[in-house]
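# Understanding the architecture of this molecule
Read off the chains here:
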Amino acid sequence: MRAKTAELWAKQDQHQGDRWRLFAAVAQAIEAETVFYPGSYVDLAPSFVFGSVTYLDVDKRASGFFSDTEGVLELIAQHNGPPEPDITFIHGDYTSPIDLPEDHFDLLVSLYAGFISEHCTQHLKIGGTLLVNPSHGDAAMASIDPRYVLTGVVTSRSGDYRVQTEDLESHLIPKKPRVITAEALHQSGRGIGYTKSPFAYLFTRER
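Before going into details, it helps to say that this report is about the structure given with it. All values reported here derive from a predicted model rather than from experimental measurement.

### Observations concerning the layout of surface pockets
By volume, the largest pocket amounts to about 230 Å³. Lining the largest pocket are 14 residues; nearest its centre among them are Q12, R19, Y37, D43 and Y112. Those elements giving two or more residues to the lining of the largest pocket turn out to be helix 1 (3–12) and helix 2 (18–29). Broken down by class, the residue content of the lining of the largest pocket amounts to 4 nonpolar, 5 polar and 5 charged.

See the structure below:
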């Protein structure tokens, strides 16, 4: 493994195993084989759990990280990942057209990377799942997107992630009454303050 690869992963994995536990909890709650992770940077954790993951990021450091195939496979093996992982990295901007099939992936990941759901939903299968956290407003954006329905929330306690599928609408009640629009979310670039604050949300694409 290249020294730079090890260094980047050490910084990414500061809370050791945190993202690994997150994706493991999601995998227990949904059926998914193919994953698309725009804005991934060097977060390799989905490949510790899922067999086929496509990563996309504009950062050159991410490109260098994923080009170290031997190092990436070593990290996956260290985390007891799939024996023959299928990994693709695309160096690009998710807001630009992406040369990927539509209606293809089982899971779309949006973590701390902006409005992924606006630009990448077409690559998610009908019936597929969007994993999205409140950062930058993308969870709120998905909540007003007619293509999506909320089907779960991911809670976190002391690094232990669990998926809850009951009493879901109570997790989308703003602390202050307001009309949520795409325009307002773009202007603020921030998430909505809700009365309940799970770590992330699971939305199913219905159309």
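Now that the structure has been shown, the text picks up again.
### Some points on the pairing of strand 4 (residues 105–110)
Most of strand 4 is tucked away, with 6 of its 6 residues classed as buried. Inspection of the sheet shows strand 4 paired to strand 5 (residues 124–132) by 5 bridges, in the parallel sense. Looking across to strand 5, one finds that S110 is bridged to V132.

### A word on the pairing of strand 1 (residues 34–38)
Of all 5 residues in strand 1, 5 are buried; the element is thus mostly enclosed. Side chains of strand 1 alternate between two faces, with T34, F36 and P38 and V35 and Y37 buried alike. Here strand 1 pairs with strand 2 (residues 52–57) via 5 bridges, running parallel. Of the residues in strand 2, the one forming a bridge with P38 is L56. Looking at chain direction, strand 1 and strand 4 are connected through 2 bridges and run parallel. Within strand 4, the position partnered with V35 by the bridge is L107.

Rules behind the numbers
Residues numbered from 1 in each chain as written. Predicted model: local features only at pLDDT ≥ 70, side-chain atom pairs only at ≥ 80, totals over all residues. Heavy atoms only, no water. 1 Å grid on protein atoms, 1.4 Å probe; cavity = no way out; pocket = protein on both sides within 12 Å on 5 of 7 lines; lining within 4 Å. Points joined across faces, edges and corners; volume = space filled by probe spheres on them. Helix = DSSP H or I, 4+ residues; strand = E, 2+ residues; numbered from the N terminus. Nonpolar A, V, L, I, M, F, W, Y, C, P; charged D, E, K, R; others polar. Buried < 20%, exposed > 50% of the residue type's maximum accessible area, 1.4 Å probe, protein only. Pairing = 2+ DSSP bridges.

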